[in-house]
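What follows is the residue order along each chain.
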Amino acid sequence: MNAIRDPALGHLAWPAAGGSRVPFGVFTDPAVYELEQQRLFRGESWSFVALEAEIPNSGDYKATFVGDSPVVISRAEDGSLHAYVNRCAHRGAAICRELRGNVQNHLCVYHQWAYDLKGNLIGVPFRRGLNGQGGMPADFDMKQHGLQKLRVQALAGLVFATFSESVEPLEDYLGPMPRQAIERIMSRPIKVLGDQRQFVAGNWKLYAENTRDPYHASLLHLFHCTFGLYRSSQKGVSVMDAKHRHSMLTAMRGTDDGKLEDYQDTRTYNADFVLSDPSLLAGRQEFDDGVTLVILAVFPNLVVQQISNTLAVRQIIPRGVDKFELVWTQFGYADDDADMDLIRNKQGNLIGPAGLVSMEDGEAVEIVHRSIIRDQDKSSYIAMGGEQAKDAQHLVTEGSIIGFWEYYREIMGWAA
C-alpha cells in the first residue's frame, strides 16, 4: 500500500495500482466525505449551479448547493450574476427558503436583516435601538456583514460558482473538449422545460463513476439495448480532458445494425419487448455530426446530456456520505416549433428517476453502497479496456473512470 500525504485521510490507504483499484472506504468513510467538502467543493474547482435561463430577469434567484453548502444564485439589476452562501450573517438562518423566486432584495425572516441582489447588507432593524435603548455597537459597519460571496462565471448559458480565489478561470478549468461539447449542445438560446429531483441512498462518487462508464448501459438498461438508443457496439468514443477530471462519451444510433448477436445472451436485449407507441422514439435529427447520445461529465458535479432529442443537465448534490440528490433539468431551444415541443416532452419519459433508460442507475448505486459498507480496506477492480486512463475510439472501456480516480487522488492528497 502507498503512504498517504495527510493525516486527515486517517487509516485509509490506496492500493498502488492507482485509479484502477479504489478502496471501498472512499465511499463510506465520513472523514473522507468531510475532506471532500474542503478540498473538492470548497477547493480548486468550479461547481455547476444553474442555467442562465433559470434566472433570466433582474431579481430572479435560485437556491441550490455547492457540495453540501447551501448557496443562492441571483441576477442583479444590472444583469450581472452573483452567488453567495444561503446563510444570514446575523444568526445563520437561511435567507432564501424557496427553490426559486423573484425579489427586490433578500430579507431574512428571523430578524429581517436585508441584503441586496449582490449579497450586500443594506438594512438592519433597530440598528440604532428604540427610544434610546439597545441598538448595534457604534462601530458596526454594514459593509463588513454581507453574505459570504463566491466567484461566479457563465459559459454558453451554464453558470458555475467556486469558493476558491485561486482556481483558474472557468474556460481554462473546463478545457477545449468540454467547452466544445457544451457549445455544441448550447448552440442556441434555450428554454427550461422542468426539473426532476431524485434522492439516492449511496455515495455521490458512485454516480460519478456511472456517468463515466460507457459500457454499463448495454448491460444494465434493457430499454437502451433493446430499442437501440445506445449499445456498446455502436460507433462512439470515450475521451477525457488533459487532466482527466472531465470526460465525455458519445454514440451514434443505428451504426451497429447486424451486430445484435453480441447481445443474444444478455439480460438487457429482449426482442419480445415492443412499444405500443413507437412515436416515442421517432424524433428528429438535430445535429449534423450524426451523434445521437452525449454524456459529458464535468468534475465535480455536472452531467450535460443529449439522448436522442432530450437535452438536460444533471446536478449532483452530496447530502452526506451515504446519500445524494440528483437534479435533472430538461430544456429545449427557444425557437423549437410545436412539433419539437411535443417530441421533447414525450422523450422526457426516457430520463429522470423513473426514466425508461435511466431508472436503473440509482438502484445500481444503492446496491453497490449497501454491499461495501463493512470491508473498507477491500477495493474495486477497474480494468475494462486496460488498466490505464486513456481515451478510446470505442465504448468498451473504463479508462475515463480510472482517469477520474487519478485526478481525485491528486486533489484529495493521496500519494501518487
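Criteria and cut-off values
Each chain carries its own residue numbering, running from 1 in the written order of its sequence. Predicted model: local features are reported for residues with pLDDT of at least 70 only, side-chain atom pairs are reported and counted for 80 or more only, and whole-chain, interface and lining totals are derived from all residues. Water and hydrogen atoms play no part in the side-chain values, which are based on all heavy atoms of the structure. Centre distance within 6.5 Å is the pairing criterion for rings of Phe, Tyr and Trp, where only the six-membered ring of Trp is used; planes under 30 degrees apart are then read as stacked, over 60 as edge-to-face, and the remainder as tilted. To qualify as a helix, a DSSP run of H or I must reach at least 4 residues; to qualify as a strand, a run of E must reach at least 2; elements of each kind are numbered from the N terminus. Think of it in three bands: residues with accessible area under 20% of the maximum for their type are buried, residues over 50% are exposed, and the middle band is partly exposed, with areas taken using a 1.4 Å probe on protein chains only. Over a ring means this: the NZ of a Lys or the CZ of an Arg is within 6 Å of the ring centre and within 35 degrees of the ring normal. DSSP bridges decide pairing: two strands pair if at least two such bridges lie between them. Every definition here rests on a 1 Å grid over the protein atoms only: cavities are sets of points where a 1.4 Å probe fits but cannot get out, pockets are open sets enclosed by protein on both sides within 12 Å along at least five of seven lines, and lining residues have some atom within 4 Å of a point. Grid points are joined across faces, edges and corners, and a volume is the space filled by probe spheres set on the points. Gly is put with the polar residues, along with every residue not named as nonpolar or charged; the nonpolar set is Ala, Val, Leu, Ile, Met, Phe, Trp, Tyr, Cys and Pro, and the charged set is Asp, Glu, Lys and Arg. Every axis in this analysis is a line fitted to C-alpha atoms, fitted for helices over the stretch in contact. Angles between the N-to-C directions lie between 0 and 180 degrees. Each angle is binned into one of four classes, with values under 35 degrees roughly parallel, values over 145 roughly antiparallel, values of 65 to 115 roughly perpendicular, and all other values oblique. The contact criterion used is simple: two residues touch if any of their non-hydrogen atoms lie within 4.5 Å. Among the buried residues, those of types Ala, Val, Leu, Ile, Met, Phe, Trp, Tyr and Cys that are joined through side-chain atoms within 4.5 Å form a nonpolar core.

Looking at the packing of aromatic side chains
Each aromatic ring pair is summarised here by two numbers: the centre-to-centre distance and the angle between the ring planes.
In step 1: Under the criterion given, the structure shown has 15 aromatic pairs.
In step 2: On the basis of an interplanar angle of 70° and a centroid distance of 5.0 Å, the ring pair of Trp14 and Trp414 is categorised as edge-to-face. On the criterion of sequence distance, the pair formed by Trp14 in the segment before helix H1 (25–28) and Trp414 in the segment after helix H10 (399–412) is long-range, its members being 400 residues apart. For the pair Trp14 and Trp414, one class covers both residues: buried.
In step 3: An aromatic cluster is defined as three or more aromatic residues linked by ring pairs; in this entry it consists of Trp14, Phe27, Phe299, Phe404, Trp405, Tyr407, Tyr408 and Trp414.
In step 4: For Arg42, the ring lying beneath its charged end belongs to Phe163, and the centroid distance is 4.0 Å.

Describing the pairing of strand E4 (residues 81–85)
In step 1: When you tally the buried positions in E4, you get five out of five residues, the bulk of the element.
In step 2: Pairing between strand E3 (residues 69–75) and E4: five bridges, direction antiparallel. When the bridges of E4 are listed, Val72 appears paired with Tyr84.
In step 3: In this structure, the hairpin formed by E3 and E4 is closed by a connection of five residues, where Gly79 is found at a positive phi of approximately 90°.
In step 4: With two bridges joining them, E4 and strand E9 (residues 149–155) adopt antiparallel strand pairing.

Quick notes on the layout of surface pockets
In step 1: Looking at the largest pocket, its volume works out to about 460 Å³.
In step 2: Lining the largest pocket we find 18 residues, and of these Leu206, Glu209, Asn210, Asp213 and Val368 sit closest to its centre.
In step 3: Those elements that provide at least two residues to the lining of the largest pocket are helix H5 (204–211), helix H6 (216–220) and helix H9 (359–371).
In step 4: When its residues are assigned to classes, the lining of the largest pocket shows 12 nonpolar, three polar and three charged.
In step 5: A volume near 220 Å³ is recorded for the second largest pocket.
In step 6: Lining the second largest pocket are 15 residues, with Arg284, Gln285, Glu286, Thr292 and Ser308 sitting closest to its centre.

Considering the sheet that holds strand E1 (residues 47–51)
Sheet strands associate in pairs through backbone hydrogen bonding, adopting either a parallel or an antiparallel arrangement.
In step 1: If you trace the seven strands from one edge of the open sheet to the other, you get E1-E10-E9-E4-E3-E2-E5, paired in antiparallel fashion. Either end of the sheet is taken by a strand with one partner, and the two such strands are E1 and strand E5 (100–102). Strand-to-strand twist in this sheet, taken as the mean axis angle between neighbours without regard to direction, amounts to 30°.
In step 2: Of the pairings in the sheet, the one linking strand E2 (residues 60–66) to E5 comprises three bridges and is antiparallel in character. Residue pairing in the sheet places Lys62 in a bridge with Arg100 of E5.

Section: the packing of helix H2 (residues 30–41) against H10
In step 1: H10 packs onto H2 with a crossing angle of 85° between their chain directions and a minimal axis gap of 10 Å. With respect to each other, H2 and H10 are oriented roughly perpendicular. For the pair H2 and H10, contact is made by Val32, Leu35, Glu36, Arg39 and Leu40 and by Tyr408, Ile411 and Met412, respectively.
In step 2: A class-by-class count of the residues in the contact of H2 with H10 yields six nonpolar, no polar and two charged.

Quick word on the nonpolar core
In step 1: Judged by nonpolar contacts, the single largest core of 95 residues is most densely connected at Leu158, Trp405 and Tyr408.
In step 2: When residues of this core are assigned to their parent elements, the largest contribution, eight residues, is made by H10.
In step 3: Dropping the residues within four chain positions of it, Trp405 is found in contact with Trp14, Gly19, Val22, Val26, Phe27, Lys205, Glu209 and Ile382.

Considering empty space enclosed by the protein
In step 1: Under the counting rule described, the total for this entry stands at three cavities of 30 Å³ or more.
In step 2: Around the largest cavity sit 17 residues that line it, and His216, His224, Ile295, Arg314 and Asp361 are the ones nearest its centre.
In step 3: Of all the secondary-structure elements, those providing two or more residues to the lining of the largest cavity are H5, H6 and strand E14 (293–298).
In step 4: The class makeup of the residues in the lining of the largest cavity is eight nonpolar, six polar and three charged.
In step 5: Volume-wise, the second largest cavity comes out at about 60 Å³.
In step 6: Lining the second largest cavity are Lys62, Ala63, Thr64, Leu99, Arg100, Asp195, Arg197, Gln315 and Val327.
In step 7: Only E2 and strand E11 (190–200) provide two or more residues apiece to the lining of the second largest cavity.
In step 8: If you tally residues by element for the lining of the second largest cavity, the top one is E2, at three residues.

Thoughts on the sheet that holds strand E17 (residues 323–333)
In step 1: Here seven strands make up an open sheet; going across it, the order is E11-E17-E16-E15-E14-E13-E12 and the pairing antiparallel. Sheet topology places E11 and strand E12 (236–240) at the edges, where each strand pairs with a single neighbour. Shown here is a sheet whose adjacent strand axes are inclined to one another by a mean of 15°, direction ignored.
In step 2: In the sheet, E12 pairs with strand E13 (residues 247–251) via five bridges, with the strands oriented antiparallel. Looking across to E13, one finds that Met240 is bridged to Ser247.
In step 3: Sheet strands touched by H5: E13, E14, strand E15 (302–307), strand E16 (310–320) and E17. Its angle to E16, the strand with the most contacts, is close to 155°.
In step 4: Sheet strands touched by helix H8 (residues 338–347): E11, E15, E16 and E17. Its angle to E17, the strand with the most contacts, is close to 165°.

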